[in-house]
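One-letter residues, chain by chain:
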Amino acid sequence: MLSLFNDEYFMKKALEEAESAYDKGEIPVGVVVVINDRIIARGHNLTETLNDVTAHAEMQAITAAANFLGGKSLQNCTMYITLEPCQMCAGALYWSQISKIVFGAEDLQRGYRKFGVQLHPKTEVKSGILAKEASDILKRFFIERRNLN
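Just so you know, these numbers come straight off a predicted model, no measurement behind them.

## Points about the environment of Asp 136
Secondary-structure assignment places Asp 136 in helix H5 (residues 131-148). A relative accessible area of 33% means that Asp 136 is categorised as partly exposed. In this structure the side chain of Asp 136 is engaged in a polar contact, spanning 2.7 Å, whose partner is the side chain of Lys 132.

## A short note on the sheet that holds strand E5 (residues 124-127)
In a beta sheet, neighbouring strands pair by backbone hydrogen bonds and run either parallel or antiparallel. Judged by pairing direction, the sheet is mixed, and its 5 strands sit side by side in the order E2-E1-E3-E4-E5 without closing on themselves. Looking at the sheet topology across the chains shown, the edges are occupied by strand E2 (38-44) and E5. Sheet twist, expressed as the mean angle between neighbouring strand axes with direction ignored, is 15°. When strand E3 (residues 78-83) meets strand E4 (residues 100-105), the two strands line up parallel, connected through 5 bridges. Across the sheet, the residue bridging to Thr 78 is Lys 100, located in E4.

## Focus: the state of the cysteines
In this structure the tally under the stated criterion is 0 disulfides. This cysteine, Cys 77, is not joined by any disulfide, and Cys 89 carries the nearest cysteine sulfur, 16 Å off. Cys 86 supplies the cysteine sulfur nearest to Cys 89, a cysteine that is in no disulfide, at a spacing of 3.7 Å. Residue Cys 89 is classed as buried on the basis of its relative accessible area, which comes to 0%.

## Topic: the UniProt feature "binding site: Zn(2+)" (unreviewed entry) in the protein
Sequence positions flagged by UniProt for "binding site: Zn(2+)" (unreviewed entry) are, in local numbering, His 56, Cys 86 and Cys 89. For the annotated residues, spread through 34 residues, the largest C-alpha to C-alpha distance comes to 9.2 Å, consistent with a single compact locus. Inspection of the secondary structure assignment puts His 56 in the loop between helix H2 (47-50) and helix H3 (57-69). You can call His 56 partly exposed: its relative accessible area is 21%. When neighbours within four sequence positions are excluded, His 56 is seen to be in contact with Asn 45, Thr 47, Cys 86, Met 88 and Cys 89. From its side chain, His 56 meets the backbone oxygen of Val 53 in a polar contact 3.3 Å long. Its location among the elements puts Cys 86 in the loop between E3 and helix H4 (87-96). Exposure remark for Cys 86: the relative accessible area of 16% places this residue in the buried category.

## Here we look at the pairing of strand E1 (residues 30-35)
Burial within E1 is extensive, with 6 of its 6 residues counted as buried. Where burial is concerned, the two faces of E1 agree: the one with Gly 30, Val 32 and Val 34 and the one with Val 31, Val 33 and Ile 35 are both buried. Relative to E2, E1 runs antiparallel, the two being bridged by 6 bridges. Paired with Val 33 across the two strands is Ala 41, which belongs to E2. In terms of strand pairing, E1 meets E3 through 4 bridges, oriented antiparallel.

About the cut-offs
Residues numbered from 1 in each chain as written. Predicted model: local features only at pLDDT ≥ 70, side-chain atom pairs only at ≥ 80, totals over all residues. Heavy atoms only, no water. Helix = DSSP H or I, 4+ residues; strand = E, 2+ residues; numbered from the N terminus. Buried < 20%, exposed > 50% of the residue type's maximum accessible area, 1.4 Å probe, protein only. Polar contact = N/O pair within 3.5 Å; in protein donor to acceptor, adjacent residues only side chain to side chain. Pairing = 2+ DSSP bridges. Axes fitted to C-alpha atoms, helices over the stretch in contact; angles between N-to-C directions. Disulfide = S-S within 2.5 Å. UniProt positions renumbered as here; feature names shortened; annotations may be inferred. Contact = heavy atoms within 4.5 Å.

In structure tokens:
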């Protein structure tokens, strides 16, 4: 079956979530989870709002997707993330057995690949989708934050 949507379409939806995080003063990372071309979960960072270091965008979306599906496995799902997952989120994604991860910007300081964290062997990874847009919102956030302090 030919899809009407592509990776850029869904990454733009994840970028909308990142903008929501930005508007709340959260580090602007956004996520959508997709199955059969349908967004079943959305998330953005809420670590400041919830005063919870585990409230990353991916963790929010994993929980929402699992609730939607009625089980803990995210097989046949794709997660679109504006930033490469950290090691905590990569570990959770491993256990979710998600089928595919697509992320925008690399995180050279805290990304899961720097620390050698492995995803599930069946998880496909694609990177660099709208990487400039994803990187730009993060840069804008941290420049603004630096100027406030």
